[in-house]
Amino acid sequence: MADPQGFDFQLDDGQTPLGPDEARGLKLSWVATRGDLNDAEGANIFTAMRWAAREIRKKRVVVSSEDFLRQLHARMFGEVWEWAGRFRLTERNIGVAPHQIAMQLRQLFDNVGAWQEFGAYLLDEQAARLHHQLTYIHPFPNGNGRCSRVMADLFLQSHGAQPFTWGPAPHDQRVRQRYLELVRQADTGDLEPLLRFVRS
Ligand SMILES: Nc1ncnc2c1ncn2[C@@H]1O[C@H](COP(=O)(O)OP(=O)(O)O)[C@@H](O)[C@H]1O
Ligand SMILES: [Mg+2]
């Protein structure tokens, strides 16, 4: 699909088209191609990961919170996009209605607290559920997949566990296809294959 700013976005399966509102927020004038954008976002995400690792090491943040989610998204994408850290205002083919985002996030983070309090799931399953629910809610105009995967990894690390094996951006097409299949399977309530995948 042609983008309002003339980007040649590669809309592979599961990638959300930007609405005209959000596509307008590019901050960097040198970004002219998809490759430029990948480079710019990659560099931004790299810096954000270092920031997050430091915050967690110093125990300065609660990962499963709206506040941290927004901060993380702002850190991951804020050098590239104006809308980084701000919730989506338009409907998508994935995700809840925009006015539901804050409420659903509140519910999710409450649930995570309850899972921990009552030992409902093992830590890996908590992280996988957190990731899946975040992609399902789809709070931001873009970057939901990457931000949700990083959230799960940081959640694990904040509890002294190893991150999952996926990295913020599974670039390999085959791995990405498989990942998307498993996310969709998790939509139907079957989390098991995704759980195996994230430790494979
Ligand atoms: N059917 C689905 N249910 C839930 N999440 C999905 C579904 N399809 C795709 N996703 C998630 O949405 C992400 C793509 O959303 P997007 O905001 O473009 O993130 P990113 O820009 O980081 O790829 C995918 O990586 C995946 O995590
Ligand atoms: Mg995207």
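Located above this text is the structure these notes cover.
What you see is a predicted model, and the numbers here were worked out from it, not measured in a lab.

### Examining unusual backbone geometry
Backbone phi values are negative for most residues with the exception of glycine, while trans is the configuration of most peptide bonds. The phi torsion at Lys 59 lies on the positive side, around 55 degrees, for a residue other than glycine. One can find Lys 59 in the loop between helix H2 (34–57) and helix H3 (66–77). You will see that His 138, though not glycine, has its phi angle at about 55 degrees, which is positive. With respect to the secondary-structure elements, His 138 resides in the loop between helix H5 (123–137) and helix H6 (144–158). According to the relative accessible area criterion, His 138 is buried, its value standing at 6%.

### Focus: the site of ligand 1
Surrounding ligand 1, one finds 17 residues, the nearest of these being Asn 142, Gly 145, Arg 146, Tyr 179 and Asp 187. Within the side chain of His 138, one N or O atom sits 3.4 Å away from an oxygen atom of ligand 1. Side-chain polar atom of Arg 146 to an oxygen atom of ligand 1: 2.8 Å apart, as the coordinates give it. Coverage of ligand 1 by the protein amounts to 95% of the 560 Å² it exposes when considered alone. Broken down by secondary-structure element, the contributors of at least two residues to the shell around ligand 1 are H6 and helix H7 (173–187). Sorting elements by how many residues they give to the shell around ligand 1 places H7 first, with six residues. The residue inventory of the shell around ligand 1, partitioned by class, reads four nonpolar, eight polar and five charged.

Reading the values: rules and limits
Residues numbered from 1 in each chain as written. Chains lettered and ligands numbered in written order. Predicted model: local features only at pLDDT ≥ 70, side-chain atom pairs only at ≥ 80, totals over all residues. Heavy atoms only, no water. Helix = DSSP H or I, 4+ residues; strand = E, 2+ residues; numbered from the N terminus. Buried < 20%, exposed > 50% of the residue type's maximum accessible area, 1.4 Å probe, protein only. Near = heavy atom within 4 Å. Polar contact = N/O pair within 3.5 Å; in protein donor to acceptor, adjacent residues only side chain to side chain. Areas by Shrake-Rupley, 256 points an atom, 1.4 Å probe, with all protein chains shown as cover. Nonpolar A, V, L, I, M, F, W, Y, C, P; charged D, E, K, R; others polar.

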